[in-house]
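Understanding the architecture of this molecule
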Amino acid sequence: MDITIPKQILYIIQRLEEAGYEAYAVGGCVRDTLLNKEPHDWDVTTSALPKQTVSIFKNEKVIETGLRHGTVTVIKDHLPIEVTTYRIDGLYIDNRRPSNVSFTPYLTEDLARRDFTINAMAYHPVKGLIDLFNGKEDLANKKIRCVGTAAQRFHEDSLRIMRALRFASILNFSIEPATAAALFAEKEQLQNISAERIREELLALLCGTSCSEVLRQYYPILSVWIPELLPMIGFQQHTPYHAYDVWEHTLKTIVASKATKILRCTMLFHDIGKPSTFTQDEKGIGHFYGHGAVSTKLADQIMRRLKFDTKTREQITTLVKYHDIRCENSPLWIKKQLRKFGSDLFLTLLDVHKADIAGQNPALLHRLDDIVQCQRMTLDILNQPSCFSIKDLNINGSDLIALGIPAGKTIGEILKFLLDAVIHQTCENQREALLKYFIKYRDHFESTI
């Protein structure tokens, strides 16, 4: 079959062949093209040694990305293209990278070292598709299958365990039985992988179209790094508000949320504190008093373990903490929330609340109407010249300093006081009105001025 290759890739292949070497597009770009997806990047594999590749493209911008592992990046028309020499990996001593690589003149040996059949295909504009391990058939059957022996592939590089789950989630593929069995057998090797690598694979997995199926089936693998998930599995809630156990509820909320890293992570963690806060009343009804605070603490420790950046961690913990906020469809309440959270985070919090309700009792889905109405009112407020943050006040610190207020903490307290007055509609957001209002209540601040 014919695959449309960008002109820059054709140029790379042509130059290498003119110099007497083999060259093919390889890996994910071939897989994505066969799936009618736009590849994120294009890779070329070649029989040319790294120094030979550098010499061939001496008139182009070349980055010696990883000569020891055979990789050179050629920049052609602003497109970075990794060109890697056919290679055979040496022994893997840390479950992640080979201790050494040796170069080979044979494409077949290079393809045989790769992780999954769908990633082990090469393509040449004249010779066509090189598919030694039936990757095209696995694509058609929507299967994730290891090249060669699955246990060996995962023992070599244990990050491949998470990659298998990520591909299954993103591509909506199933993992064939032998590969799935090896995933479970080798899962403890994930402890040898860096937190950053685990985090990135997890985030990509969560944003996949089939993430709930993958999480449902392979949670024991994720629990190697996130053991806090295990108490949720099968934990019955014993409340009319919920038709599912805590884990199944969590999966349904993930599916119901937008496929963003912030939202999907929030939904994964939002009820993680429920099992440890469970109580039942005399009627047998389950309660989870304080589970928001416990979930927040657990989410924070998980994200610290996985080395999330501070901004993302703080956003997600805030959303987890307030995930079951009770909405009020009044402009005053909404402005208070906009002041507290900011517009972006508050709108995201409403999305969290919607997803949470969507994963509860289907008989109570009518409660979504209130959230939708709150979202509409919030957008209306945001589209109006409303004031819900200090930066929106028509007065600033300089105006207060002109009245003799010393610079410092008191300035901020006064501005918060004036913002409250505007939000509660006891003062107009006009400079003169705000100054008069402050002067009227100046005595409240005399002890700090």
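Residues numbered from 1 in each chain as written. Predicted model: local features only at pLDDT ≥ 70, side-chain atom pairs only at ≥ 80, totals over all residues. Heavy atoms only, no water.

1. Looking at helix H18 (residues 368–382)
A rise of 1.5 Å per residue sets the reference length of H18, with its 15 residues, at 21 Å; its end C-alpha atoms lie 21 Å apart and thus fit the reference within 8%. Of the residues making up H18, those classed as buried are Ile371, Cys374, Gln375, Met377, Thr378 and Ile381. Seen end-on, H18 carries its buried residues on one side only, within an arc spanning 165°. Exposed residues lying more than 90 degrees from the buried face of H18 are Asp369 and Arg376. (Helix = DSSP H or I, 4+ residues; strand = E, 2+ residues; numbered from the N terminus. Expected span 1.5 Å × (residues − 1). Buried < 20%, exposed > 50% of the residue type's maximum accessible area, 1.4 Å probe, protein only. Arc of directions from axis to C-beta.)

2. Description of the pattern of salt bridges
Evaluated as defined, the whole model comprises 23 salt bridges. Note that Glu156 is salt-bridged to Arg153, the shortest N-O span being 2.9 Å. With Glu156 and Arg153 both in helix H6 (residues 150–156), this residue pair falls 3 residues apart, about one helical turn. One salt bridge connects Glu188 with Lys187, and the closest N-O pair in it is separated by 2.9 Å. Given a relative accessible area of 18%, Lys187 falls into the buried group. Each member of the salt-bridge network shares a partner with another, and the members are Asp110, Arg113 and Arg114. (Salt bridge = Lys/Arg side-chain N within 4 Å of Asp/Glu carboxyl O.)

3. Section: the packing of helix H14 (residues 291–305) against helix H15 (residues 310–321)
Viewed as axis vectors pointing N to C, H14 and H15 meet at an angle of 160°, and their least axial separation amounts to 8 Å. With respect to each other, H14 and H15 are oriented roughly antiparallel. Crossing handedness for the pair H14 and H15: right-handed. Within the contact between the two elements, H14 uses Gly292, Ser295, Thr296, Ala299, Asp300, Met303 and Arg304 and H15 uses Arg313, Ile316, Thr317, Val320 and Lys321. Of the residues belonging to the contact of H14 with H15, the class tally is 4 nonpolar, 4 polar and 4 charged. (Axes fitted to C-alpha atoms, helices over the stretch in contact; angles between N-to-C directions. Parallel < 35°, antiparallel > 145°, perpendicular 65-115°, else oblique. Left-handed = near helix turned anticlockwise from the far one by under 90°. Contact = heavy atoms within 4.5 Å. Nonpolar A, V, L, I, M, F, W, Y, C, P; charged D, E, K, R; others polar.)

4. Let's talk about the nonpolar core
It is characteristic of soluble globular proteins that their nonpolar side chains tend to be buried jointly. In terms of nonpolar packing, the biggest core is built from 99 residues, with Leu165 and Phe269 touching the most fellow members. Ranked by residue count, the leading element in this core is helix H7 (residues 159–171), at 8 residues. Leu165 has contacts with Ile175, Leu183, Leu205, Val214, Tyr218, Ile221 and Leu222, leaving out every residue within four places of it along the chain. By size, the runner-up hydrophobic cluster in this structure holds 18 residues, among which are Ile411, Ile414, Leu419 and Val422. (Core = buried A, V, L, I, M, F, W, Y, C linked by side-chain atoms within 4.5 Å.)

5. Thoughts on the pairing of strand E2 (residues 43–46)
Of the pairings in the sheet, the one linking strand E1 (residues 23–26) to E2 comprises 3 bridges and is antiparallel in character. Residue pairing for E2: Tyr24 is matched across the bridge by Thr45. Alignment of E2 against strand E5 (residues 79–85), held across 4 bridges, turns out to be parallel. Its bridge partner being in E5, Thr46 is matched across the sheet by Thr85. (Pairing = 2+ DSSP bridges.)

6. Description of the layout of surface pockets
Estimated volume of the largest pocket: approximately 1500 Å³. Surrounding the largest pocket, 43 residues form its lining, Asp43, Glu82, Arg114, Asp115 and Arg163 being those nearest its centre. For the lining of the largest pocket, the secondary structure elements donating two or more residues are helix H2 (28–34), E2, strand E3 (61–66), E5, strand E6 (87–89), H7 and helix H9 (195–206). With 7 residues, the single largest contributor to the lining of the largest pocket is H7. Here the lining of the largest pocket is composed, by residue class, of 13 nonpolar, 10 polar and 20 charged. (1 Å grid on protein atoms, 1.4 Å probe; cavity = no way out; pocket = protein on both sides within 12 Å on 5 of 7 lines; lining within 4 Å. Points joined across faces, edges and corners; volume = space filled by probe spheres on them.)

7. Here we look at the pairing of E1
Residues of E1 alternate between two faces, with Ala23 and Ala25 on one and Tyr24 and Val26 on the opposite face, all of them buried. In this structure, E1 lies alongside strand E8 (residues 122–124), joined through 2 bridges in antiparallel fashion. Across the sheet, Ala25 pairs through a bridge with Tyr123, a residue of E8.

8. Looking at the environment of Glu413
Within the secondary structure layout, Glu413 lies in helix H20 (residues 409–423). On a C-alpha basis, the gap between Glu413 and Asp392 in space is 16 Å, while along the polypeptide they are 21 residues apart.

9. A look at the packing of helix H11 (residues 246–256) against helix H17 (residues 343–358)
Helices that pack against each other are described as a pair by the angle of their axes relative to one another and the distance between those axes. Following both chains from N to C, one finds H11 and H17 inclined at 130°, their axes separated by 8 Å at the closest point. On the basis of their axis angle, the class for H11 and H17 is oblique. In terms of crossing hand, the pair formed by H11 and H17 is right-handed. Across the interface between the two elements, His249, Thr253 and Ala256 from H11 touch Ala355, Asp356 and Ala358 from H17. Classifying every residue of the contact of H11 with H17 gives 3 nonpolar, 2 polar and 1 charged.

10. Here's the deal with the sheet that holds strand E9 (residues 128–130)
In space, the 7 strands of this open sheet follow the order E3-E4-E5-E2-E1-E8-E9, with mixed pairing throughout. Sheet topology places E3 and E9 at the edges, where each strand pairs with a single neighbour. Neighbour-to-neighbour, the strand axes of this sheet turn through a mean angle of 30°, independent of strand direction.

11. Here's the deal with the packing of aromatic side chains
Across all of its chains, the model carries 13 aromatic pairs by this definition. Here the aromatic rings of Phe116 and Phe167 are separated by 6.0 Å at their centres, their planes lie at 85°, and the arrangement is edge-to-face. One end of the pair, Phe116, is in the loop between helix H4 (107–112) and E8; the other, Phe167, is in helix H7, and 51 residues separate them in sequence. Overall, Phe116 belongs to the buried group, its relative accessible area being 0%. For Phe167, a relative accessible area of 5% gives the class buried. (Phe/Tyr/Trp six-rings, centres within 6.5 Å; stacked < 30°, edge-to-face > 60°.)

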